Amino acid sequence: MHLNHAKDYNDHRVVLIKRFIKDGKKTILSFHSHHSGGEEDETLRVVAPNLELPWWDRYWIGLIGACNGIVCISDFYDIYLCNPARHELLKLPVRPFVYPDGCSKGSVFTTNGLAFGFDPSSGDYKVLRIISFSAGSFCLPSVTAEIYNLSTNSWRNLDADLPKIEHPHPCFPALIHGSYHWCAASTKSRLSAPRMILSFNICTEAFGEMEFPCYIADDTRPSLVVLDDSLAFISFKNPYPQRFPSIYEQFIDIWVMVEYGIKESWMKKFSLGPLVGMNGPLIHEPLCSWNNDKLLLQSEDGYLISCALNNHSQETRKFDICGQRDTLKVIIYQESLVSLSKRHEGLSWWKI
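Right, let's walk through the structure included here. (Residues numbered from 1 in each chain as written. Predicted model: local features only at pLDDT ≥ 70, side-chain atom pairs only at ≥ 80, totals over all residues. Heavy atoms only, no water.)

1. Quick look at the overall build of the chain
Within the chain one finds one helix and 26 strands. Across the 352 residues that make up the chain, the buried fraction comes to 51%. Nonlocal contacts in the chain, meaning residues at least 24 apart in sequence, comprise 53% of its contacts between residues at least 6 apart. When the accessible area of the chain is evaluated, it comes to approximately 16,700 Å², of which 50% is carbon and sulfur surface. (Helix = DSSP H or I, 4+ residues; strand = E, 2+ residues; numbered from the N terminus. Buried < 20%, exposed > 50% of the residue type's maximum accessible area, 1.4 Å probe, protein only. Contact = heavy atoms within 4.5 Å. Areas by Shrake-Rupley, 256 points an atom, 1.4 Å probe, with all protein chains shown as cover.)

Structure, rendered in structure tokens:
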């Protein structure tokens, strides 16, 4: 009842921020006001005490996504589900990697991408893991996928030949219309590999591909977010100037897919910039949209920044929220009373 009420009235939503504190060697979750209607809420005011994640003094901890108040967190080997409102943490079973046909057991494997969500058709929570295998630096990688069902507490393989996800450490894949989306590149060719958007439907468990809205140069970094209930494509250049970093300019273009799945419906909606280092912080990566009128980003020095989505006013704001660079991740999270301790008796769970 609590969950349905929160969904109907868009209630109990907060900005959930994960970051790694280098000096304290700890990973924390902080909870901030989602609303931005008043001056007080423009400061991302704290609405609940910080939550420190146990054992996680490691650098790479990914905030994969949230659904029905449950948050998926992973170091890209161990995977956890967490309900911060109930202080519950659930560890999923570790499945030995199964090498696909054509890959020897000496091949190097990495978790290339993760997704977490709820399948309304089966009433089950699922975790998708995309794995990349490579037999060496001169061999093209092979990409496969497997899926976990919370109801059966088990993993199973998915029969799919996939492109490789370009950036395996994003905040989380963009979720819209029941499908998750990543920027990917084909593994069929080492030279001029076609780049695309890879999608996965949580109900049908089917993968799909879509074209980028525009040509993306090699020094341009693409990203995906959901903006005003539409899939949005962000392109910006990597902020690594060789000389004069204080006057380095950045430009950010944002395209919106007006009709989902229709390539011709891509429309460039915002062109932000120049964002100049001497007048403001350089942008390291986009994180997510905030109330459909702002973009939350991570700066080169690890601070959280908001940028107004307006072609006329491009106001940026730097918040006093900082973590080790690349560890700052943000999602819009909806609190719930869904219990993890009662979902499956065979799983290990803790109070945190």
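2. A word on the sheet that holds strand S22 (residues 294–299)
Taking strand neighbours across the sheet as the criterion, the four strands line up as S21-S22-S23-S24 in an open arrangement whose pairing is antiparallel. Two strands in the sheet have a free side with no partner beyond their single neighbour: strand S21 (283–290) and strand S24 (316–322). Averaged over all pairs of adjacent strands, the angle between strand axes in this sheet comes to 30°, irrespective of strand direction. Where S21 lies against S22, six bridges are found, and the strand directions are antiparallel. Paired with Trp 290 across the two strands is Lys 294, which belongs to S22. (Pairing = 2+ DSSP bridges. Axes fitted to C-alpha atoms, helices over the stretch in contact; angles between N-to-C directions.)

3. Re the sheet that holds strand S25 (residues 329–334)
Taken in spatial order, the four strands line up as S3-S2-S1-S25 in an open sheet, and their pairing is antiparallel. Looking at which strands have only one partner, the edges of the open sheet turn out to be strand S3 (46–53) and S25. Each strand of the sheet is rotated relative to its neighbour by a mean of 25°, with strand direction disregarded. Bridge count for strand S1 (residues 13–21) against strand S2 (residues 26–33) is eight bridges, and the pairing is antiparallel. The residue bridging Leu 16 from the neighbouring strand is Phe 31, located in S2.

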